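# Remarks on the overall topology
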Amino acid sequence: MATANSEDPSAKENQGDLGYFSAFRMVYPFESAAYKTTIGKVSKPFRTRFGYHILKVTDKRQNQGEVTVAHIMILKPSSKEDALEQKAKQTINDVYKKIQQGESFETLANQFSEDKSSAVKGGLLQRFGSGQLTSLEFEKVAFSLKEKNQISEPFESQFGWHIVKLIEKHPVQTIEELRYELENKIRRDERSLLITNSLAKKARDRYTVVKNNPTITKVKALVTNDFYEQKLEIPENLKIANDVVATINNDRKLVAKDFLTYIVGQQKSNNNTKPVSKLVEELLDKWLDEKLIEYYDDNLENEFVEFKYVMDEYRDGLLLFDLMEKEIWNKAKTDSIGLASFYEKNKNNYMWKKRVDVDLLSSTDEKILQKAQAYLKKGKSLDYIKEKLNKDDKVNIMVKSGVFEEDYDVLSQFNIQEKGITKIVSKGEYFFVAKVNEVKPVEPKSMSECKGKLVSDYQQFLESNWVDELKKEFSVTINKEVFEKIKKELIK
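The structure contained in this document is the topic of the report that follows. (Residues numbered from 1 in each chain as written. Predicted model: local features only at pLDDT ≥ 70, side-chain atom pairs only at ≥ 80, totals over all residues. Heavy atoms only, no water.)

### Observations regarding empty space enclosed by the protein
For the coordinates displayed, the defined rule picks out one cavity of 30 Å³ or more. For the largest cavity, the calculated volume is near 40 Å³. Looking at the largest cavity, the residues that line it are Gln111, Phe112, Leu360, Ser362, Lys400, Asp409 and Phe432. The set of elements that each furnish at least two residues to the lining of the largest cavity consists of helix 5 (105-112) and strand 11 (355-363). Looking at side-chain class alone, the lining of the largest cavity contains three nonpolar, two polar and two charged residues. (1 Å grid on protein atoms, 1.4 Å probe; cavity = no way out; pocket = protein on both sides within 12 Å on 5 of 7 lines; lining within 4 Å. Points joined across faces, edges and corners; volume = space filled by probe spheres on them. Helix = DSSP H or I, 4+ residues; strand = E, 2+ residues; numbered from the N terminus. Nonpolar A, V, L, I, M, F, W, Y, C, P; charged D, E, K, R; others polar.)

Structure below.
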């Protein structure tokens, strides 16, 4: 049913399965429905701000806490070619064999993981809990590891192939430890209605509300049992449209048309209070609470001087943001001619170091690498070398190919000047040899190769010119006497 009917796009792939989640992971009405439904049962339809839902609870379990893991990842090829996929699978399997042979997980992650953000940290990821990742497969494997430093077998997710190492398990904290975090989360989600109701009470105590009973009686006469069938509409020629229903603090008048609009909007709330007169009185109290909070919010700057200063600063900040966006940020993104001109004048600031196109071979066994070096000198292919040296289900040689700057990893130790086969160098437990296919000279990067840095620099250039123009147009005079007084106050 989920696959066929759900308008959640993910349901086409996961058949509606959302995995495990804990409090604050979903909007409050969804969370409440899930927690109140027993295992194996289906909830009644319910509404959130995203739409209407039906959920089935398939399981409940204690919160697993959080985990910290490291991983090695080989990305899925962008094109679905069998040969490329097989190469990626073979790479992750070779890495796993090297781990089984006793080689360092962190070093292998640094060398071979294609998750660049974590590879430099030995594959280390930020701690996470259930429901926080987009990959259920990765989460399942991570939480299945029991012992510290335990390493998973290679597995596939929608993003690629992974090997995961458990760094630490983090049990659920006590309520005392979580209190500050929980309070902040409550303020940010729909539980805050409890706070809103408290604020409404505070506003009722602070401000005077005078109801106009004759107008309220006229409104009651217009509300019929059509409300319960969601058919109630405001009359087209509403004679009492501008009649005052209530007045707040003698300066804000609330009129009948607005109250009737509110009543019509409440028809979908399934309010079955009867008779209609009692329903109108109940809705009037809720409406007045909302209007009191609006009045309270509108008068914050009058009642709290500190808040007024914050709001003034906020308004100025928004104006400055809009101006900067118009004059600088958008121009830097869309002014292709100006950006190209800036690049041409400053291209020497965006230089490649000397680069080399290499096949980098590595092994923990120097003798094995010496054999690989000999094969390279004889012109043997990489596949031939791996076939000859990776025997008995043991990975002795790994290869990493690409175009790298001369100071990448161990390349600086080779002091590469020309094409050919390098000497053998060592780093940590590993020995390396490189087949140099091409040496690329120092040269400017193309615009596409330095786009991010180029746009950022162009923005700074535009901003500097803009400020110079403003200085020509406007004069600024500093009151030295007041400035000195402020400095003395700050020293105190």
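### What to know about unusual backbone geometry
A cis amide bond links Lys274 with the next residue in sequence, Pro275, at an omega value of 0°. Counting through the fold element by element, Pro275 comes out in the loop between helix 11 (256-265) and helix 12 (276-298). Positive phi, normally seen in glycine, also occurs at Gln15, with a value near 55°. Structurally, Gln15 is set in the loop between helix 2 (11-14) and helix 3 (28-36). Phi at Asn249 is positive, roughly 55°, even though this residue is not glycine. Structurally, Asn249 is set in the loop between strand 8 (244-248) and strand 9 (252-255).

### What about the nonpolar core?
Ranked by size, the top nonpolar core spans 31 residues in total, and within it Val219, Val223, Phe259, Ile263 and Trp287 carry the most contacts. Of all the secondary structure elements, the ones that give two or more residues to this core are helix 10 (213-222), strand 8, helix 11 and helix 12. A per-element tally of this core places helix 12 first, with 10 residues. Leave out the neighbours within four places in its chain, and Ile263 touches Val219, Val223, Phe227, Leu232 and Leu283. Counting residues in each nonpolar core, the second largest holds 29 residues, with Ala88, Ile99, Ile163 and Val395 among its members. (Core = buried A, V, L, I, M, F, W, Y, C linked by side-chain atoms within 4.5 Å. Buried < 20%, exposed > 50% of the residue type's maximum accessible area, 1.4 Å probe, protein only. Contact = heavy atoms within 4.5 Å.)

### Considering the sheet that holds strand 4 (residues 128-129)
Strands sit in the order 4-3-6-5 across an open sheet of four strands; the sheet is antiparallel. Two strands lie at the open edges of the sheet, namely strand 4 and strand 5 (155-156), each paired on one side alone. Two elements, strand 5 and strand 6 (residues 160-170), share two bridges in a ladder whose sense is antiparallel. Looking across to strand 6, one finds that Glu156 is bridged to Trp161. Each of strand 3 (66-75) and strand 6 touches helix 4 (residues 82-100); the most contacted strand, strand 6, lies at about 40° to it. In this fold helix 5 packs onto strand 3 and strand 6, with an angle of close to 45° to the strand it touches most, strand 3. (Pairing = 2+ DSSP bridges. Axes fitted to C-alpha atoms, helices over the stretch in contact; angles between N-to-C directions.)

### Thoughts on the sheet that holds strand 8
Strand order in the open sheet formed by three strands is 7-8-9, with antiparallel pairing between adjacent strands. Since the sheet does not close on itself, it has two edges, and those belong to strand 7 (209-211) and strand 9, each with one partner. Along the sheet, successive strands turn relative to each other by an average axial angle of 20°, direction set aside. As paired elements, strand 7 and strand 8 share three bridges and run antiparallel to each other. Bridge pairing links Val210 to Thr247 in strand 8.

### Description of the packing of aromatic side chains
Inspection of every chain in the model, using the stated rule, returns 15 aromatic pairs. Consider the rings of Phe21 and Phe30, whose centres lie 6.2 Å apart with planes at 50°: the pair is tilted. Residue class for Phe21 comes out partly exposed when judged on its relative accessible area of 22%. For Phe30, a relative accessible area of 12% gives the class buried. For the ring pair Tyr458 and Phe461, a centre distance of 6.2 Å and an interplane angle of 15° mean the geometry is stacked. (Phe/Tyr/Trp six-rings, centres within 6.5 Å; stacked < 30°, edge-to-face > 60°.)

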